[in-house]
Amino acid sequence: MKILKAPTKEEAARLAADLFEDVIRENPNCVLGLATGSSPVPLYQELIAREKAGKIDFSAVRSANLDEYKGLAPDHPQSYRYFMQENLFDHISIRPENTIVPDGLAKDGEVMCAAYEEKIRAWGGIDLQLLGIGHDGHIGFNEPDTHFPRFTHETALLEITRRANQRFFSSLDEVPRAAYTMGVGTVMAARRIVMVANGEDKAEILKKSFCGPVTPEVPASILQFHPDFTLVCDEAAAKLL
Ligand code: GLP
């Protein structure tokens, strides 16, 4: 794995954006795996600015998001589809039909998850997967477990994750208890992976994930085995590495 440290999260975002720029230039209709949370926001702002400056072109890019809350409609302000529209898609030239996010309202979750995997396969797989990391080491919504889930699936959210995400909802009760997420196998199949992590509160979990044993109890630890994995972080998050 490669670690890129930057003094600030804005500088870290520029380093991550360079990787995106390379992949999009190499293959204008590449498939990006995208993520939500606060960590990717500076990167998305940088990507928007670079398209405006004519440095990259999203018009042929395809994207598949990592996860979605079960039970939230795409127009719910806390849904991940809504987040992606607000923070990226509405500001770049990507075509709506070229963006997929798991359907939080799917009538049959298993069918939807299988179709999601199939779509990614039909697109030729993910060229560059973006990740954040939860305080318990989750990637997407793959929570600590006894095994690494392979494919896109429904998952129950742990209390620590619901509490961390409560800041976006008006009460803990409103935070969904389940979500749909790409599996760890879906993520690991990406050709390249980049994780963005900022702030002192991520320092401990980064150390556990990348300086400790590979275990499903720390889902992100499996990234140690990926052949092309880059961690981009600010000084505060990197302080225990
Ligand atoms: C959510 C998302 C994850 C994300 C994590 C960390 O739970 N499902 O994909 O990595 O939050 O979010 P943040 O970047 O806000 O710390």
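Residues numbered from 1 in each chain as written. Predicted model: local features only at pLDDT ≥ 70, side-chain atom pairs only at ≥ 80, totals over all residues. Heavy atoms only, no water.

Trainee: If you had to explain the nonpolar core to someone new, which residues and values would you point to?
Mentor: Judged by nonpolar contacts, the single largest core of 60 residues is most densely connected at Phe20, Leu32, Leu43, Tyr44, Phe58, Met195 and Leu223. Setting aside its immediate chain neighbours within four residues, leucine 223 contacts Leu131, Ile139, Val187, Met188, Ile193, Met195, Phe210 and Phe229. (Core = buried A, V, L, I, M, F, W, Y, C linked by side-chain atoms within 4.5 Å. Buried < 20%, exposed > 50% of the residue type's maximum accessible area, 1.4 Å probe, protein only. Contact = heavy atoms within 4.5 Å.)

Trainee: Before we move on, can you summarise the sheet that holds strand β7 (residues 153-156) with the specific residues and values?
Mentor: Taken together, the three strands give an open sheet; going across it, the order is β4-β8-β7, and neighbouring strands pair in antiparallel fashion. Looking at strand neighbours, the two that pair on one side only are β4 (67-69) and β7, the edges of this open sheet. Neighbouring strand axes in the sheet, compared pairwise and without regard to direction, differ in orientation by 25° on average. Sheet topology note: the β7/strand β8 (residues 178-181) ladder contains four bridges and is antiparallel. The residue bridging threonine 155 from the neighbouring strand is alanine 179, located in β8. (Pairing = 2+ DSSP bridges. Helix = DSSP H or I, 4+ residues; strand = E, 2+ residues; numbered from the N terminus. Axes fitted to C-alpha atoms, helices over the stretch in contact; angles between N-to-C directions.)

Trainee: I'd love a proper account of helix α7 (residues 203-211), names of residues and values included.
Mentor: Those residues of α7 lying buried are Ala203, Ile205, Leu206, Ser209 and Phe210. Along the axis of α7, the buried positions cluster into a sector of 160°, meaning they face one direction only. Tucked into the core, α7 has its buried residues touching β9 (192-197), β10 (229-234) and α8 (235-238). (Arc of directions from axis to C-beta.)

Trainee: Which residues make up helix α2 (residues 41-52), and what values do they have?
Mentor: For α2, with twelve residues, the first-to-last C-alpha span of 17 Å sits near the 16 Å given by 1.5 Å per residue. Within α2, nine of the twelve residues are buried, leaving the element largely enclosed by the surrounding structure. Three or more residues of α2 are buried, namely Val41, Pro42, Leu43, Tyr44, Glu46, Leu47, Ile48, Arg50 and Glu51. Turning to α2, the residues buried within the fold contact α1 (9-26), β2 (31-34), α3 (80-87) and β6 (128-131). Glycine 54, located one to two residues past α2, shows a positive phi value of around 80°. (Expected span 1.5 Å × (residues − 1).)

Trainee: So what's going on with the pairing of β2? Which residues, and what values?
Mentor: Of the two faces of β2, the one holding Val31 and Gly33 and the one holding Leu32 and Leu34 are both buried throughout. The pairing of β2 with strand β3 (residues 62-65) spans four bridges and is parallel. Each residue of the ladder has a partner; that of valine 31, found in β3, is arginine 62. Viewed along the sheet, the connection from β2 through α2 into β3 turns out right-handed. (Right-handed = clockwise from strand over helix to strand, strands pointing away.)

Trainee: Can you tell me about the packing of aromatic side chains, naming the residues and giving the values?
Mentor: By the definition in use, this model includes five aromatic pairs. An angle of 45° between the planes, with centres 5.6 Å apart, marks the rings of tyrosine 69 and phenylalanine 141 as tilted. Remark: phenylalanine 141 occurs in the loop between β6 and β7 and tyrosine 69 occurs in strand β4; sequence separation between them is 72 residues. By the burial criterion, tyrosine 69 is buried, and phenylalanine 141 matches it. When the centroid spacing of 5.4 Å and the interplanar angle of 40° are considered together, the rings of phenylalanine 210 and phenylalanine 229 count as tilted. Of the two residues, phenylalanine 210 is situated in helix α7 and phenylalanine 229 in strand β10; the sequence distance between them amounts to 19 residues. A relative accessible area of 2% means that phenylalanine 229 is categorised as buried. (Phe/Tyr/Trp six-rings, centres within 6.5 Å; stacked < 30°, edge-to-face > 60°.)

Trainee: Summarise the site of the ligand; cite the residues concerned and give the values.
Mentor: Taken together, 14 residues surround the ligand, and among them Ser38, Ser39, Asp67, His138 and Lys202 come closest. Taking serine 39, its side chain carries an N or O atom lying 2.5 Å from an oxygen atom of the ligand. Out of a free accessible area of 390 Å², the ligand has 95% covered by protein chains. For the ligand, the cavity whose grid points lie within 2 Å of the majority of its atoms is the largest pocket. (Near = heavy atom within 4 Å. Polar contact = N/O pair within 3.5 Å; in protein donor to acceptor, adjacent residues only side chain to side chain. Areas by Shrake-Rupley, 256 points an atom, 1.4 Å probe, with all protein chains shown as cover. 1 Å grid on protein atoms, 1.4 Å probe; cavity = no way out; pocket = protein on both sides within 12 Å on 5 of 7 lines; lining within 4 Å. Sits in = over half its atoms within 2 Å of the grid points.)

Trainee: If you had to explain the state of the cysteines to someone new, which residues and values would you point to?
Mentor: Counted by the stated rule, this structure contains zero disulfides. Considering cysteine sulfurs only, cysteine 233 is the nearest to cysteine 211, which forms no disulfide, with 11 Å between them. (Disulfide = S-S within 2.5 Å.)

Trainee: Describe the layout of surface pockets, with residues and values.
Mentor: Estimated volume of the largest pocket: approximately 670 Å³. Every residue lining the second largest pocket is listed: Glu117, Ile120, Arg121, Gly125, Ile126, Arg150, Phe151, Gly185, Thr186, Ala189, Ala190 and Arg191. For the lining of the second largest pocket, the secondary-structure elements that each account for two or more residues are α4 (109-122) and α6 (184-188). Per element, the largest residue contribution to the lining of the second largest pocket is three residues, and it comes from α4. Counted by class, the lining of the second largest pocket contains five nonpolar, three polar and four charged residues. (Points joined across faces, edges and corners; volume = space filled by probe spheres on them. Nonpolar A, V, L, I, M, F, W, Y, C, P; charged D, E, K, R; others polar.)

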